[in-house]
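Okay, here's what each chain looks like letter by letter:
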Amino acid sequence: MADQTHVLFVEDDDVIREATQLALERDGFAVTAMPDGLSGLEAFRANRPDIALLDVMVPGLDGVSLCRRIRDESTVPVIMLSARADSIDVVLGLEAGADDYVTKPFDGAVLVARIRAVLRRFGHAGRDDRADDAGAAATGGVLTFGELEVDTEGMEVRRAGEPVALTPTEMRLLLEFSSAPGTVLSRDKLLERVWDYGWGGDTRVVDVHVQRLRTKIGQDRIETVRGFGYKLKA
């Protein structure tokens, strides 16, 4: 298991849980599958997986609450599984700290592709070379936007001198904005660059993450340009 990507999978439906576990294992993942949120939390703490797949509606401790508990302890990537694309559960899961979501029923190949996309961006949450051309004041890899400082080499963010804790997805999102301050980035472009989507995606993922980022770096730092997207105020 040490050489494999370890997936924590929490799903209460026996058929879905067993079939998905087998599919993931065939693709080379090591899987710990749990039927409820409480056992999922115990497995997370005991095994420290590389990624967590959490069904929204599981007994004991629902998926959204489990995601929130995991996010309190770790920045490990989390993908929520929801039975309804238009469900409020999707937004709740993202607001709780999930990095992405997949709608059930899902194709095994699609799920694997989304898992690998999340893992790729978490494995490459490092410096974005485009930051060299950013229009902000820069010193030794540190970009400054008012009271906000973004260290693109040390992957650290400070606001008014105080450290700001960001998840890897939030950091990648901020790096995209920092690489082109004052430039409007569309939701589709952010989905492609941050979430590694080579296909159409749900822009709610972008909107919720932008709002989460705003709460950490300042509500006024990222501006909404209606009908087009978002931009970082230089």
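Residues numbered from 1 in each chain as written. Predicted model: local features only at pLDDT ≥ 70, side-chain atom pairs only at ≥ 80, totals over all residues. Heavy atoms only, no water.

## Some remarks on the nonpolar core
Definition in use: To qualify as a nonpolar core, a set must consist of buried Ala, Val, Leu, Ile, Met, Phe, Trp, Tyr and Cys residues joined through side-chain atoms within 4.5 Å. Here's how the labels work: a residue is buried when its accessible area is under 20% of the maximum for its type, exposed when over 50%, partly exposed in between, all with a 1.4 Å probe on protein chains only. Helix and strand assignments come from DSSP, with helices taken as H or I runs of at least 4 residues and strands as E runs of at least 2, each series counted from the N terminus.
Within the largest apolar cluster, 50 residues are counted, with the highest numbers of intra-cluster contacts made by Leu54, Met80 and Phe177. With six residues, the single largest contributor to this core is helix α8 (residues 204-217). Residues Val7, Val31, Ile79 and Leu111 belong to the second largest nonpolar core, which totals 15 residues.

## A few points about the confidence of the model for the protein
Put simply, the rule reads: For every residue, the pLDDT score states the predictor's confidence, bounded by 0 at the bottom and 100 at the top. When checking whether two residues touch, look at their non-hydrogen atoms; a contact exists if any pair is within 4.5 Å.
For the protein, the mean per-residue pLDDT works out to 87, and 89% of the residues sit at or above 70. Every residue in residues 124-139 scores below 50 in pLDDT, and together they form 31 contacts with partners more than four places removed in sequence or on other chains.

## Some details on the sheet that holds strand β1 (residues 6-10)
The cut-off we apply is this: When DSSP finds at least two bridges between two strands, those strands are taken to pair. To obtain each axis, a line is fitted to C-alpha atoms, and for helices this fit is confined to the stretch in contact; angles are then taken between N-to-C directions over 0 to 180 degrees.
Here we have five strands laid out as an open sheet, ordered β2-β1-β3-β4-β5, and parallel in their pairing. The sheet is open, and its two borders are formed by β2 (30-34) and β5 (100-103), each paired with just one other strand. Looking at each pair of strands side by side, their axes are set apart by 20° on average, direction ignored. As judged from the four bridges shared by strand β3 (residues 51-55) and strand β4 (residues 78-82), these two strands associate in the parallel manner. When the bridges of β4 are listed, Asp55 appears paired with Leu81. Its contacts with the sheet place helix α5 (residues 108-123) against β3, β4 and β5, and it is angled at close to 175° to β5.

## Remarks on the pattern of salt bridges
Filter applied, for reference: Put simply, a salt bridge is a Lys or Arg side-chain nitrogen that is within 4 Å of an Asp or Glu carboxyl oxygen.
Applying the stated rule across the entire model yields 12 salt bridges. A salt bridge links Lys104 to Asp55; its shortest N-O distance comes to 3.0 Å. Here the residue Lys104 occupies a position in the loop between β5 and α5, and Asp55 occupies one in strand β3, the gap between them amounting to 49 residues. Here Lys104 and Asp55 have matching classes, each one buried. The closest approach of N and O atoms between Arg114 and Asp100, which form a salt bridge, is 3.2 Å. Taken as a pair, Arg114 in helix α5 and Asp100 in strand β5 lie far apart in primary sequence, 14 residues in all. The class for Arg114 is buried, based on a relative accessible area of 12%. Judged by its relative accessible area of 0%, Asp100 is buried. The structure contains a network of salt bridges with shared partners spanning Glu11, Asp55 and Lys104.

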